[in-house]
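Here are the chains, one letter per residue:
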Amino acid sequence: MAPLSLPAELLMIIFEECVSYAHAHDGLAWQFHVCKHRCLSWIRVTHVCRHWRSVALEHPRLWSSIVMAPGRRGKRLTEAMIARSAGARLSLSFSSKKAGDESNLIQHLGYAKEVVLRGYSKSFMSLLGELDARHDPPRQDILLESLSLTHFRAGPHRSVNNSISGCRIFNGSKLRRLHLGFFTLGRHLPGFLEGMTNLQELSLSSTIYQSQPIEPKISLPSLLRLHMEDPVHCCKAFIDSLDLSRPLDYIGIDSINRGTEVSAFFLAVREILSSYHVMGMTVSNPSTLLDSAQYHSALYIKSERHASGCLLFCRTTVSVAYWPVDVAHTAQGIAHVTSGLDASSDRAEIAPAALSALLESCPATFIRSVFRSNFVNVSSKLFNNLPVQSVICAVIDDSFSANDNIKERTEVLLSEIPSLQHLEIGRGSLLGAIDALHPANDPSEDILVPQITHLVLSSVWKKEVWVYPLVSCIIARAERGYPLQQLSVRGRMKITAEEWKALQEVPVTLSWDDVSYS
């Protein structure tokens, strides 16, 4: 059957998938989808032929996710999409640094189930003025299920902002998801969250700013998922202030701790998890925290050098995720978990998106931080304070030169995670990691990470000859009875035809994202 002659019912399913894909590029679309060009890219299907356009125009749900833009042209597009949505509940996203532009969004609040707003103080006050419980008369037509408010970080308005501290959302019991970014509510949070009895997902980014438990207690009886991007002591103060009726399914701590010792940070995390109901388990003794027989985990360690004036220092990012062993995982699923732990994005609040989307309603814990320290120091302090024996997948992104003892650093890390199944080597020297994985000539010596089955190589130092050492390593492990099952190479790595042939002859499933050899 030719694509242009597909029945309308099938086309509608395809078009809905196109819309879903356009709005899912960050994993947590309801919080952050303000990217007009990507979110509206699906509209190109309406330009293919008259049949496709007719089907799309008659399907209201396709037009219900609207990224609003300021100006007359943006207003006309919004009105056209609302008309085509034919009364369907709307998802409205708007971003503007100019006060007053949000009036078009406010005008359509009565049709909205989701609202995403990025702006400055006056824009939030205008929106919350319509949602305030004291609004006279209160708007009975507003039945929001998801609300995301993010204050712009840069610019003249970046000062401490409590502009929404006195606001109360009318009919807040209808809210299921709430995101607040770059406000300074602290002790005002109980008042703002009051009445949100059906809130299930809460995301707070640079919003808590409170080092002591908040009073009065914050009652969120339906909360299932909580993610915080604040200093760890602020996260602990907020968690201690919660009054919940059941354990959380997901808890995330995303903290920048440049001035905090590695051990102090993880000890604080340990206190949070050891005294709190998480993932259906109450832990009263920190020594029994997250038993490796009950949980799998993923580990991401990235080290890179930075110059500050005349000083040269190392910055290390550490991410850890835990989930119950009964959550099924595939090779592709593990790849999604490790990409979710990747902290390379400048927008830290998106870092756990892939992990969160993968596990969805499944229980999980996510921890991330940044330190000015060296690789060995971070990894050793991590082992002392969190149970990493349950690690089944890891990413080592150690971007130092080849003469920085990468083999020793890698051996220190891998020796502590014997259950590892999936390993990705990022930037840096591959030879050091390959040497660490190569079994010793003496058969009586133990082999490192004996359970590993999948190795991913994502980059390599230029001019480094790594193919033949890798082939030798894989063959040696197979001869010792610990064969590698899959080798994945990502990125553009130039190799010779002879090297390519040698890789293809190794007894392992080989996948290469961008084959390039000379």
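Here the residue numbering is sequential within each chain, running from 1 through the sequence in written order. Totals for whole chains, interfaces and linings use every residue, but because this is a predicted model, local features are given only for residues with pLDDT of at least 70 and side-chain atom pairs only at 80 or more, for both listing and counting. The side-chain quantities take in all heavy atoms of the structure and omit both hydrogens and water.

1. Considerations on the overall build of the protein chain
Defined as follows: Numbering of helices and strands starts at the N terminus; helices are DSSP runs of H or I of at least 4 residues and strands are runs of E of at least 2. Exposure categories follow from relative accessible area, calculated using a 1.4 Å probe and restricted to protein chains: below 20% of the type maximum is buried, above 50% is exposed, and the middle band is partly exposed. Residue contacts follow a heavy-atom distance rule, with two residues in contact if any of their heavy atoms lie within 4.5 Å. The Shrake-Rupley method, run with a 1.4 Å probe, gives the accessible areas here. Residue values count only the displayed protein chains as cover.
When helices and strands are tallied, the protein chain shows 17 helices and 20 strands. Residues classed as buried in the protein chain amount to 52% of the 518 residues present. Long-range contacts, defined as pairs at least 24 residues apart, comprise 69% of the intrachain contacts of the protein chain with a sequence gap of at least 6. When the accessible surface of the protein chain is totalled, it reaches about 23300 Å², and 51% of it is carbon and sulfur.

2. Quick word on helix α17 (residues 497–504)
Filter applied, for reference: The directions from the helix axis to the C-beta atoms form the arc being described.
Every buried residue of α17 is listed here: E499, W500, A502 and L503. Taken end-on, α17 shows its buried residues confined to a sector of 160°, consistent with a single buried face. Among the exposed residues of α17, those pointing more than 90 degrees away from its buried face are E498 and K501.

3. Here's the deal with the nonpolar core
Put simply, the rule is: We call a set of buried residues a nonpolar core when its members are Ala, Val, Leu, Ile, Met, Phe, Trp, Tyr or Cys and they connect through side-chain atoms within 4.5 Å of each other.
Of all hydrophobic cores here, the largest spans 122 residues; its most connected members are F238 and W466. The element that contributes the greatest number of residues to this core is helix α10 (residues 262–274), accounting for seven residues. Judged by nonpolar contacts, the second largest core, of 14 residues, contains A321, V327, V337 and V395.

4. Examining the packing of aromatic side chains
Counted only if it meets this: The criterion for an aromatic pair is that two Phe, Tyr or Trp rings (for Trp, the six-membered ring) have centres within 6.5 Å, with stacked assigned to planes under 30 degrees apart, edge-to-face to planes over 60 apart and tilted to the rest.
The final tally for this structure, using the stated rule, is six aromatic pairs. Ring geometry for F124 against F183: centres 5.0 Å apart, planes inclined by 70°, an arrangement best described as edge-to-face. Remark: F183 occurs in the loop between β5 (177–181) and α8 (189–193) and F124 occurs in helix α7 (residues 121–131); sequence separation between them is 59 residues. Take F183: its relative accessible area is 0%, and that puts it in the buried class. Ring geometry for F265 and F371: centres 5.6 Å apart, planes at 70°, overall edge-to-face. With F265 in helix α10 and F371 in strand β15 (residues 364–372), this pair connects stretches of sequence that are 106 residues apart. Pair check on accessibility: F265 and F371 agree, each one buried.

5. Regarding the packing of helix α16 (residues 467–479) against α17
A packed helix pair is summarised by two numbers, namely the angle formed by the two axes and the spacing between the axes. The condition is simple: To define axes, lines are fitted to C-alpha atoms, for helices over the stretch in contact only, and angles between the resulting N-to-C directions are given on a 0 to 180 degree scale. For classification purposes, angles smaller than 35 degrees are called roughly parallel, those larger than 145 roughly antiparallel, those between 65 and 115 roughly perpendicular, and all remaining angles oblique. By definition, turning the near helix anticlockwise from the far helix through less than a right angle yields a left-handed crossing, and turning it clockwise yields a right-handed one.
Between α16 and α17, the shortest axis-to-axis distance is 10 Å and the interhelical angle comes to 15°. As far as their axial angle goes, α17 and α16 are roughly parallel. Crossing of α16 against α17: the hand is left-handed. When α16 is examined against α17, the residues V467, Y468, L470 and V471 are found in contact with a partner set consisting of E498, E499, A502 and L503.

6. Considering unusual backbone geometry
The phi torsion of most residues other than glycine is negative, and most of the peptide bonds are trans. For F182, which is not glycine, the phi dihedral falls at a positive 65°. Assignment of secondary structure puts F182 in the loop between β5 and α8. In this model, V449 sits at a positive phi of 40°, which is unusual for a non-glycine residue. Assignment of secondary structure puts V449 in the loop between α15 (430–437) and β18 (454–457).

7. What to know about helix α5 (residues 71–85)
To be explicit about the condition: In this analysis, the expected span of each helix is defined as 1.5 Å times one less than the number of residues it contains.
Taking 1.5 Å per residue, 15 residues should reach 21 Å; α5 reaches 21 Å between its end C-alpha atoms and fits that length. Of the residues making up α5, those classed as buried are G74, T78, M81, I82 and S85. Seen end-on, α5 carries its buried residues on one side only, within an arc spanning 100°. Across α5 from its buried face, at more than 90 degrees, point the exposed residues R72, R73, R76 and A83. Where α5 ends, the next residue or the one after it, A86, has phi of about 50°, a positive value.

8. Points about the pattern of salt bridges
Here is the rule we go by: Salt bridges, as used here, are contacts in which a Lys or Arg side-chain nitrogen is within 4 Å of a carboxyl oxygen on Asp or Glu.
As enumerated under the stated definition, the model contains four salt bridges in all. R61 is the salt-bridge partner of E16, the closest N and O atoms lying 2.4 Å from each other. Separated by 45 residues along the polypeptide, E16 in helix α1 (residues 8–23) and R61 in the loop between α4 (50–57) and β1 (65–68) bring together distant segments of the chain. R61 sits in the exposed class, given a relative accessible area of 52%. Of the charged contacts in the structure, one is a salt bridge between R368 and D254, with a shortest N-O distance of 3.2 Å. Separated by 114 residues along the polypeptide, R368 in strand β15 and D254 in strand β10 (residues 250–256) bring together distant segments of the chain. Exposure remark for R368: the relative accessible area of 4% places this residue in the buried category. For D254, a relative accessible area of 0% translates into the label buried.

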